[in-house]
Amino acid sequence: MNGSAVTITPAVPGVHRRGISLHTDPKAALAAQHVSYRADIDGMRAIAVLIVVLFHAFPKLIPGGFIGVDIFFVISGYLISTILINEFGNNSFSYANFYARRARRIFPALILVLSASLAFGWIALFPDELKLLGKHIFGGATFLSNIFLWFEVGYFDTAAETKPLLHLWSLGIEEQFYIFWPILLALAFKYRMSLFWLTLALMVVSFGINIGGLEKFPSATFYSLASRAWELLIGAMLAYWSLQRTPVSFGSNSATGRNLLSFVGLGLIILACALIRGGKGFPGWWALLPSLGAGCLIAAGPLAWINRFVLSNRALVWVGLISYPLYLWHWPLLSFAHIVESGTPALEIRIAAVLGAVLLAWLTYVLVEQPIRRRGPRQPAVAIVLAVLVAVIGGVGGWVYKQDGLPTRKSIVDNANLQKALIVVEDRDNAAACKKRYGFDTVWDYCLMGNADIEPTMGMIGDSHAYHVSAGLLKYYGEQGENLVYFGTRIPYIGVKPGINDQYQEATAKMLELTLSTASIRKVIISTIAKHSDDTAEGRLLTEQFRATLRALQDAGKEVIYFYDIPTLDFEPRACIKRAGIASSTTNRDCTMDVSTYEQAIKEHNRIVGAVLKEFPSVTTFAPAKYLCDDKHCKGMLDGKLMYRDSHHLTYEGDLYIGEKFAEEQRARAQKSP
């Protein structure tokens, strides 16, 4: 195989989809490698979708199961590129026909899943949840989900499990690829460019972006077409090789060679499932395992033992045939279960969700996909109708987003105030003015200020566990004639080194320096979720860094108030609100946690902090737990108002409540002072 001008071997004509036997004589079977349908590739699809579904439903079972998406990318690149190269080589390619086929293939199941998700969300979701769903419906319908998710990753981002259409990011990658790839192929054929070198060059550039961007831009690298295209291009390269007239057939003429290639391919995929974890920096180099594994299986061809007897067995082929609708259905069912249960659903619920997804996928395949595919080529208008329906559902999703999740829906108005409490309240104008004052220009550089036009007199440093008490403290200090500035950090201690891709910790050094160097700041409040422990070297180092920070603030002439953290609940406060749209929904707990659970969790931390603070007698403290807990319980709700928006962040009402209690203590302390 060389990089000269392309010579195409057309697909074998007249072979029916079901007319291929893998148990014919060797020469006939070898020729079957070039036909349009391969049962073993449906088997590969089955493996890909099964490991993804099992990973999502039972994460501990296959920790690296998300690599099934990478297998899909390679398969998709191979199949579509085979069609494209064939058609360009035969001068039969039509953009209209190509995208019409894509519409008939992609849109029917997508319309069903988007519509069902919107219907369920309309009935059952709280406004903030439905607003996010509406945004993702729009993203899914426009194949921009990967872009939306790329920019959603941030400090106040919602957990992945509560995004029912999160999985559509991969569909966005594929469809974006199929906008650019036909154009590049058309240019290559027109100017007689080498497909080999074009594909290889693009693959190298994309893989380089993947490796180079992973550390600094992890979200972009995961979700961007530029850093993912190399996986589809592996499939494209295989398509190119498979269609060449060469002395050596695609894969190998040797049975031993084919079998070895298929065993290596399956081994790489198994290795990927066993070794890859979400926190290891993905895709990066790790993505080579599933991608090359899938490539080896495709290259081995349908005659290889693994492909012939494992991947081509009827059970796997059946799953492969429904793999696309199964992929679409499984995650919304699991995610909605997580949302309704306000946490990881019980095992039986997850099993039911998986079985339900299989049933829905089969029904979608038999009753929707197959009839449309059979009628589509004879009825070009089918693709237009499907495109219009996708546009409509996408438009409805965008409208729902613009309407803030329709907070006046009949199904949810009974608990409107409680639902509103779950939404993060951010004073964007205040933040913008503060950031402008200090020249901050990234999301990682964050601050709030009582009055951005004058010098601050009070400072607060800390992570989101400082932010969630900022409203109450800004109110109190404003009433006292003070000007509080909050500088957002990760762990607000001197010398804490940023981990990989931790831009907030990188920005923390600047925030600490500003706090120390601003002469007008007389008092500094420290509040963070960070917990101290003596069990590890890292834990002991953190204690030293805490000590060093207190010393530096003291040396700079600042008074310090240490704000102990609030209790972390062992349940989600959403569980305290009945979902009126779901008959089975109940508030199955009294919105409390045993105080012993909190005390046991915080015992070691409080011991260490107490010991350090003895070295700094001038440091005062505030402990909000005593206002959220009594002798028996820590409470997520007080006087009918939610204090928590999730298990460890206060609502706006909770913020103001704790601010009032802080104010009472400060006034009492001032009265006792001589």
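Residues numbered from 1 in each chain as written. Predicted model: local features only at pLDDT ≥ 70, side-chain atom pairs only at ≥ 80, totals over all residues. Heavy atoms only, no water.

## Remarks on the pairing of strand β3 (residues 484-488)
Here is step 1: Burial analysis of β3 places five of its five residues in the buried class, which makes it a mostly covered element.
Here is step 2: Residues of β3 alternate between two faces, with Leu 484, Tyr 486 and Gly 488 on one and Val 485 and Phe 487 on the opposite face, all of them buried.
Here is step 3: Sheet topology note: the strand β1 (residues 447-449)/β3 ladder contains three bridges and is antiparallel. Its bridge partner lying in β3, Cys 447 is registered against Phe 487. (Buried < 20%, exposed > 50% of the residue type's maximum accessible area, 1.4 Å probe, protein only. Helix = DSSP H or I, 4+ residues; strand = E, 2+ residues; numbered from the N terminus. Pairing = 2+ DSSP bridges.)

## Comments concerning the pattern of salt bridges
Here is step 1: For the structure on display, the rule yields 31 salt bridges.
Here is step 2: For Asp 534, the salt bridge goes to Arg 607, with nearest N and O atoms at 3.1 Å. Of the two residues, Asp 534 is situated in the loop between β4 (523-527) and α23 (537-555) and Arg 607 in helix α24 (residues 595-614); the sequence distance between them amounts to 73 residues.
Here is step 3: Note on Asp 534: relative accessible area 32%, which makes it partly exposed.
Here is step 4: Judged by relative accessible area, Arg 607 falls into the partly exposed class, the value being 45%.
Here is step 5: Through salt bridges that share partners, Asp 70, Arg 228 and Glu 231 make up one connected network. (Salt bridge = Lys/Arg side-chain N within 4 Å of Asp/Glu carboxyl O.)

## With respect to the nonpolar core
Here is step 1: Within the largest apolar cluster, 118 residues are counted, with the highest numbers of intra-cluster contacts made by Ile 67, Ile 71 and Leu 110.
Here is step 2: Sort the elements by how many residues they give to this core and helix α2 (residues 39-57) lands first, with 12 residues.
Here is step 3: In this structure, Ile 71 is in contact with Met 44, Ala 48, Ile 51, Ile 269, Pro 290 and Ala 294, ignoring residues within four places of it in sequence.
Here is step 4: Membership of the second largest hydrophobic core comes to 44 residues, among which are Cys 576, Tyr 627, Leu 650 and Phe 662. (Core = buried A, V, L, I, M, F, W, Y, C linked by side-chain atoms within 4.5 Å. Contact = heavy atoms within 4.5 Å.)

## Let's talk about the side chain of Ser 227
Here is step 1: With respect to the helices and strands, Ser 227 occurs in the loop between α9 (218-223) and α10 (229-242).
Here is step 2: For Ser 227, a relative accessible area of 1% corresponds to the buried category.
Here is step 3: Within polar-contact distance, the side chain of Ser 227 engages the backbone oxygen of Ser 224 at 3.2 Å.
Here is step 4: Among residues more than four places away in sequence, those in contact with Ser 227 are Ser 206, Ile 209, Asn 210, Ala 220, Thr 221 and Phe 222. (Polar contact = N/O pair within 3.5 Å; in protein donor to acceptor, adjacent residues only side chain to side chain.)

## With respect to helix α17 (residues 381-402)
Here is step 1: With 22 residues, α17 ought to run about 32 Å at 1.5 Å a step, and its terminal C-alpha atoms sit 31 Å apart, in line with that.
Here is step 2: Within the span of α17, buried status applies to Val 382, Ala 383, Leu 386, Val 390, Ile 393, Gly 394, Gly 397, Gly 398 and Val 400. With its buried residues spanning 160° around the axis, α17 presents them on a single face. Opposite the buried face of α17, at more than 90 degrees from it, the exposed residues are Ile 384, Ala 391 and Lys 402.
Here is step 3: Once α17 ends, the next one or two residues include Asp 404, with phi positive near 55°. (Expected span 1.5 Å × (residues − 1). Arc of directions from axis to C-beta.)

## Observations concerning the state of the cysteines
In a disulfide, the sulfur atoms of two cysteines are held together by a covalent bond.
Here is step 1: This model, assessed by the stated rule, comprises three disulfides.
Here is step 2: Two residues share a disulfide in this structure: Cys 576 and Cys 591, whose sulfurs sit 2.0 Å from each other. Torsion about the S-S bond of the Cys 576 and Cys 591 cystine: about 90°, corresponding to right-handed handedness. Residue Cys 576 is located in the loop between β5 (559-563) and β6 (592-594), and its partner Cys 591 is located in the loop between β5 and β6; the two are separated by 15 residues in the primary sequence. The pair Cys 576 / Cys 591 is uniform in exposure class, with both members buried.
Here is step 3: Between the sulfur atoms of Cys 629 and its disulfide mate Cys 634 the distance is 2.1 Å. With the S-S dihedral at roughly 100°, the linkage between Cys 629 and Cys 634 falls on the right-handed side. By the burial criterion, Cys 629 is buried, and Cys 634 matches it.
Here is step 4: Should the bonded cysteines of the protein chain be numbered as they appear in the sequence, the pairing reads 1-2, 3-4, 5-6. (Disulfide = S-S within 2.5 Å.)

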